[in-house]
Amino acid sequence: MMNAYVICIQSNKHSVEAADRCIESGKKFGYTVKKHDAYCPADDPHKIFREQNLPIDEFNIDKRFSRLEPCMCGFLSHRSLWHKSLKENKQILILEHDAIFIDKIPMGVKFEGLISFGRPSYGQFRQPKKEGVYKLFSKSGGYLPGAHAYVVTPKGAKKLIERAQVKPGPTDLFLNKNDFPFISEYYPWPIMADDRVSTIQHDAGCIAKHNYKKGIDIV
């Protein structure tokens, strides 16, 4: 059984509740998911980026849609787990707090470096007719359909870390097939995003999310 971690903002009750929900959903399918402390604006992401010589250019996002510091913190949180995979030389499943297991991850799936198991959580997307492993297919832009559920290997983590030192960016856009042609996606997706809250987007940025009409709290 692979190690699995859910990114959780321990100081935010909504994030803790969502992470607990993720952990419980994993138990139903035999997975043990551990909480992984997220970076948050109080950690001063601008200082961290400066100290670690990480450029900020790609984070100059439209402020009508996303909040800059939380977006930077999201990236740092994922990056910390890439470092964990590389340091421990272990393949790990990385989950965001709103991830929910709806099925088992198939055994023996072959991939190189990184594979997404997360059902797209926003906008239009494509889906194949047959079950299996494909190169990134669901989003027309060739990026991850949300970074809420993917497995990374130490080899893949090393490549992500190296690229992050040159051109970091919002996580789901950073993980794209142009920069990382080895990224795969599995269908049918065994994990979905039950995004009832958003710690990054403003209301305008949540409109494309599939749960928007059900109501998403901005926290």
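Higher on the page you've got the structure.
The structure displayed is predicted, hence computed values, not measured ones.

Parameters and conventions
- Along each chain, the written sequence defines residue order, and numbers are assigned to residues from 1.
- Where local features are concerned, this predicted model is filtered to residues with pLDDT of at least 70; where side-chain atom pairs are given and counted, the filter is 80 or more; whole-chain, interface and lining totals use all residues.
- Excluded from the side-chain calculations are hydrogens and water; all other atoms, namely the structure's heavy atoms, are used.
- Only buried Ala, Val, Leu, Ile, Met, Phe, Trp, Tyr and Cys residues count toward a nonpolar core, and they belong to the same one when joined by side-chain atoms within 4.5 Å.
- For each residue, the accessible area found with a 1.4 Å probe, counting protein chains only, is set against the maximum for its type, and the residue is called buried under 20%, exposed over 50%, and partly exposed in between.
- Helix and strand definitions follow DSSP, with helices as H or I runs of at least four residues and strands as E runs of at least two, each counted in order from the N terminus.
- When checking whether two residues touch, look at their non-hydrogen atoms; a contact exists if any pair is within 4.5 Å.
- A pairing counts as a salt bridge when a side-chain nitrogen of Lys or Arg comes within 4 Å of a carboxyl oxygen of Asp or Glu.

(A) The nonpolar core, seen in detail. Core analysis: the biggest nonpolar cluster contains 33 residues, and Trp82, Leu114, Tyr150, Val152 and Leu175 have the highest contact counts within it. Elements with a minimum of two residues in this core: β1 (3-8), α2 (45-51), α3 (68-88), β3 (92-96), β7 (149-152) and α4 (154-164). Ranked by the residues each element gives to this core, the list is headed by α3, at 7 residues. Excluding its chain neighbours within four sequence positions, the residues that come into contact with Val152 are Trp82, Ser85, Lys90, Gln91, Ile92, Ile94, Gly113, Leu114, Ala157 and Leu160.

(B) Seen up close, the pattern of salt bridges. Going through the model one piece at a time under the given rule, you end up with 7 salt bridges. Residue Glu51 is joined to Lys47 by a salt bridge in which the shortest nitrogen-to-oxygen separation is 4.0 Å. Remark: Lys47 and Glu51 occur in helix α2; sequence separation between them is 4 residues, near one turn of the helix. On the basis of relative accessibility, which here comes to 54%, the residue Glu51 falls in the exposed class. Relative accessible area serves as the criterion here: at 40%, Lys47 is assigned to the partly exposed category. One salt bridge in this structure joins Arg163 and Asp179, with 3.2 Å as the shortest N-O distance. On the criterion of sequence distance, the pair formed by Arg163 in helix α4 and Asp179 in the loop between α5 (171-174) and β8 (184-187) is long-range, its members being 16 residues apart. We classify Arg163 as partly exposed; its relative accessible area is 25%.

That is the geometry; function is a separate question.
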